[in-house]
Amino acid sequence: MKLFKSIFLVLFLLSMTLSCAQESSISGPFFLEGEDPRPTNSKWKPIKKMSDEFEGDKVDTKKWQISGQGWIGRAPGLFLANNVTVADGNLQITTTKMPNPIIKQGKTFTHGGGYAGSRKSMTYGYYECRMKANKTFMSSTFWLINDRDDASGCDKRTTELDIQESIGQITGTEEFVQKFDHTMNSNTHSRNIPDGCDVVKGIAGAKTELGGKVYDDYHVFGVWWKSKDEVLFFLDGKFHTKVTPAADFDLPMYLRLVVETYNWNPVPADGGMTGSFEDRTTKYDWVRSWKLVD
């Protein structure tokens, strides 16, 4: 019994040591030299409840909700919790085609996507992920959004911060769609304004080239939500665009890792799921959130 306890203690201490070593090795967000925008008298503090290295073999459900949190997906893509897994150091969201259509909330669903939403929200900070998109007509995304039920009065509105929205296979014909397989597509949204409120509705965003297809390799997508009217986007550790949202961005928002269907990029004639498991899977190597402190 004493030997068993000793072995258990050694293994426990070893696991704690490895965990602490991994955390201490990540001293701040991923920036190229000279690109870190923080003031010299400040530092980046990690927000652990909105960060994940995706080690292990299952989703940390204390951090992530994977059934949609009341949102079932945009038809014809239904969020399926079974499509969200952790393996090989990645959160994986795999696209699927259902054997038979499913009708939910009066809509017909033929394909499966996936959703992982943070249980914690935050306002200003730096948010980043290392992601590799799937090759299908369905999306690969990383973004933030508020919950209108958290607020009241004129704050009962929607603010959304899209850091990256992409698709692997373009089937839509509109001009803006043609860049979604080789660019970082970012937006700030202000919508669902309560009646009688003097709040502007609108979209302000940015695009930048990746230098290849979104599924060719991993990229680090980041945003510094600096203040209510300053949002700065970063690609692979390098700043590229500053955006001023249409309305004040000062409401707490939640992280979203989502694979869904878009009505402007329809299902292809062959169903769009002819590729391998690898081709049909969006991979998130890690997600990290930081707050600026003195």
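Residues numbered from 1 in each chain as written. Predicted model: local features only at pLDDT ≥ 70, side-chain atom pairs only at ≥ 80, totals over all residues. Heavy atoms only, no water.

Draft legend 1. Geometry of the overall build of the protein. Along the protein, the regular secondary structure elements total one helix and 17 strands. By principal-axis analysis of the C-alpha atoms, the protein measures approximately 65 × 50 × 40 Å. Evaluated residue by residue, the protein yields a buried proportion of 48% over its 294 residues. Here the analysis covers contacts within the protein between residues at least 6 apart in sequence; of these, 75% occur between residues at least 24 apart. For the protein, the accessible surface area stands at approximately 14,700 Å², while carbon and sulfur atoms represent 52% of it. Treating the 36 positive side-chain charges of the protein as one cloud and the 37 negative ones as another, the clouds have centres 6 Å apart. (Helix = DSSP H or I, 4+ residues; strand = E, 2+ residues; numbered from the N terminus. Buried < 20%, exposed > 50% of the residue type's maximum accessible area, 1.4 Å probe, protein only. Contact = heavy atoms within 4.5 Å. Areas by Shrake-Rupley, 256 points an atom, 1.4 Å probe, with all protein chains shown as cover. Lys, Arg positive; Asp, Glu negative; His and termini not counted. Charge placed at Lys NZ, Arg CZ, Asp CG, Glu CD.)

Draft legend 2. Spotlight on the pattern of salt bridges. Inspection of the entire model under this criterion finds 16 salt bridges. The salt bridge partner of Asp 149 is Lys 156, with a shortest N-O separation of 3.7 Å. For Asp 149, a relative accessible area of 63% corresponds to the exposed category. For the salt bridge of Glu 278 with Lys 283, the shortest nitrogen-to-oxygen distance reads 3.0 Å. Here the salt bridges do not stand alone but share partners, grouping Asp 155, Arg 157 and Asp 250 into one network. (Salt bridge = Lys/Arg side-chain N within 4 Å of Asp/Glu carboxyl O.)

Draft legend 3. Structural context of the environment of Thr 159. Inspection of the secondary structure puts Thr 159 in strand S10 (residues 158-167). Spatially, the C-alpha atoms of Thr 159 and Asp 248 are 8.7 Å apart, while their sequence positions differ by 89 residues.

Draft legend 4. Just the side chain of Thr 159, in detail. Its relative accessible area of 1% is what places Thr 159 among the buried residues. Excluding residues that lie within four positions of it along the chain, Thr 159 makes contacts with Leu 144, Ile 145, Asn 146, His 189, Asp 248, Phe 249, Leu 251 and Met 253.

Draft legend 5. The environment of Val 243, seen in detail. Checked against the element boundaries, Val 243 lands in strand S15 (residues 238-243). When the C-alpha positions of Val 243 and Gln 69 are compared, they lie 29 Å apart, and in sequence the two are 174 residues distant. Dropping the residues within four chain positions of it, Val 243 is found in contact with Thr 188, Ala 204, Gly 205, Ala 206, Asp 229, Glu 230, Val 231 and Phe 233.

Draft legend 6. Representation of a positive patch on the surface within the structure. A cluster of basic residues, Lys 43, Lys 45, Lys 49, Lys 120 and Lys 291, forms a positive patch at the surface. For Lys 120, a relative accessible area of 33% gives the class partly exposed. (Patch = residues over 30% accessible without salt bridge, like charges linked within 9 Å, V, L, I, M, F, W, Y side chains within 5 Å.)

Draft legend 7. Highlighting the environment of Arg 148. The topology assignment puts Arg 148 in the loop between strand S9 (139-145) and S10. Taking the relative accessible area as the measure of exposure, Arg 148 reaches 33% and is therefore partly exposed. Measuring from C-alpha to C-alpha, the distance between Arg 148 and Thr 158 comes to 6.4 Å, with 10 residues separating the pair along the chain. Contacts of Arg 148, omitting those with residues within four sequence positions, involve Lys 156, Arg 157, Thr 158 and Asn 192.

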